[in-house]
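Residue-level structure breakdown
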Amino acid sequence: MRAPRDNGFLKGDNMVPMNRNLLILFSTRIIRLFCYGFLSVVLALYLAQVGLPEQQIGLLFTLTLVGDAGISLRLTTSARSRGTLKRRRPPKPNPTDACWASIARATWSSDWVRHSPWTPSRVD
Amino acid sequence: MVIRLGAPFALDAFAGGLIVQAMIAYWFHIKFGIDAGIIGTIFFGANILAGISALLAVRLANRIGLINTMVFTHVPSNVLLILVPLMPTLPLAVTVLLLRFSISQMDVPTRQSYTMAVVSPDERSAASGVTSIARSLGAAISPSLAGIFFAVPALLGVPFFLAGGLKIVYDVLLYRGFRAMKPPEEAFRD
């Protein structure tokens, strides 16, 4: 058994030295969570301001997460069936889905909400 | 094995879904009338604390074990969560929230590590997939419930109580079900 490596904060047998893959992995996580944090604070406030009642804000989050679970399911099953070597490939659908979500949201907030007869006047 | 772990994880995620960050932000807005800038600052602090705590969790887990770390940090963190809506003023509510965040994420790295450690190596991919889907589905249902509570001013605090309560139930289930099952590296140490 190897001697535990001292990495400052993290001590343990299984800590590997920084390499390129680790750097990429960390960077993508940082970008992803940056975007998440960017939106998470203001999203519910924004939706409320746009005139959505609380029940629908909750429902929207639920539907988003159902989609998320669906994508995870698709990715996990495909990762398993394709084997370990190709496991890096499945994340491809993600950007597309995110694009669709953005397009849907953009059109929705500009047209559907703004021109709908139920929209309160504070939207402008 | 994976399913036995997945069920409590789904419960935990369901509880977590009641108080997703966006909903806490919204809660602060309607309860105290503060704007997005201040809420952003609060979450900046909260998440920095959470990040530091996740690193400290590794040390704690080395000392007291993964399951103990998960349970003993998660229970107080959720007592704090229940206290948040009971706080009469904004500074107090923020303080409790920050305290909560400084221990609430310590179960995340330990949970992942535990899941990976107690399944056999060829099950890891499946274990990770099944538990994360169990969590996603659990978390998916609850925001609509939170929305329904938020719509009624008298029930504004209910998502916090419910989430905190359910998360403590999760800790009890986890402790009772898995305390005896040590990951290989801990069994080795004993």
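Residues numbered from 1 in each chain as written. Chains lettered and ligands numbered in written order. Predicted model: local features only at pLDDT ≥ 70, side-chain atom pairs only at ≥ 80, totals over all residues.

1. Things to note about the overall build of chain B
Looking only at helices and strands, one finds 9 helices and 0 strands in chain B. For chain B, the succession of helices and strands along the chain, N to C, is α-α-α-α-α-α-α-α-α. The C-alpha atoms of chain B give 17 Å as radius of gyration, which agrees with the globular expectation for 190 residues (16 Å, within 12%). Here the C-alpha coordinates of chain B stretch approximately 55 × 30 × 25 Å along the principal axes. (Helix = DSSP H or I, 4+ residues; strand = E, 2+ residues; numbered from the N terminus. Rg over C-alpha atoms; globule rule 2.2 N^0.38 Å.)

2. Regarding the packing of helix H4 (residues 66–83) of chain B against helix H8 (residues 158–178) of chain B
Residue and element names in this part refer to chain B. Across the interface, H4 lies against H8 with an axial gap of 9 Å and an inter-helix angle of 160°. The angle between H4 and H8 falls in the class roughly antiparallel. When the axes of H4 and H8 are compared, the crossing they make is left-handed. Residues Ile67, Met70, Val71, His74, Val75, Asn78, Val79, Leu81 and Ile82 of H4 form the contact with H8, whose participating residues are Phe160, Phe161, Ala163, Gly164, Gly165, Lys167, Ile168, Asp171, Leu174, Tyr175 and Phe178. A breakdown of the residues in the contact of H4 with H8 according to their chemical character gives 14 nonpolar, 4 polar and 2 charged. (Axes fitted to C-alpha atoms, helices over the stretch in contact; angles between N-to-C directions. Parallel < 35°, antiparallel > 145°, perpendicular 65-115°, else oblique. Left-handed = near helix turned anticlockwise from the far one by under 90°. Contact = placed C-beta atoms within 7 Å. Nonpolar A, V, L, I, M, F, W, Y, C, P; charged D, E, K, R; others polar.)

3. Section: the interface of chain A and chain B
Between chain A and chain B, the residue contacts involve 28 residues of the former and 32 residues of the latter. With 17 residues, the top contributor of residues to the side of chain A that touches chain B is helix H2 (residues 54–82) of chain A. Here the side of chain A that touches chain B is built from residues that sort into 17 nonpolar, 8 polar and 3 charged.

4. A look at the confidence of the model for chain A
Residue and element names in this part refer to chain A. In the predicted model, chain A carries a mean pLDDT of 66, and the fraction of residues at 70 or more is 48%. Under a pLDDT of 50 for its full length, residues 84–93 has, in the predicted model, 7 contacts with residues more than four places off or in other chains. Note on residues 107–124: pLDDT under 50 across the span, and 12 contacts to partners over four residues away in sequence or across chains. (pLDDT = per-residue confidence, 0-100.)

5. Quick word on the environment of Glu123(B)
The topology assignment puts Glu123(B) in the loop between helix H6 (107–118) and helix H7 (124–151). For the pair formed by Glu123(B) and Met106(B), sequence separation is 17 residues and the distance between their alpha carbons is 25 Å.

6. Some points on the nonpolar core
Grouped together as the largest cluster of nonpolar side chains are 58 residues, with contacts concentrated most on Ala44(A), Ile19(B), Ala22(B), Met23(B), Ala25(B), Tyr26(B) and Leu97(B). Residue-level mapping places this core at the junction of two domains, with at least three residues from each of domain 1 (1–51) and domain 2 (53–108) of chain A. Not counting chain neighbours up to four residues away, the residues in contact with Met23(B) comprise Ala44(A), Pro143(B), Ala146(B) and Pro159(B). (Core = buried A, V, L, I, M, F, W, Y, C linked by C-beta atoms within 7 Å. Buried ≥ 20, exposed ≤ 12 C-beta atoms within 10 Å, placed from the backbone. Domains from an automatic or database assignment.)

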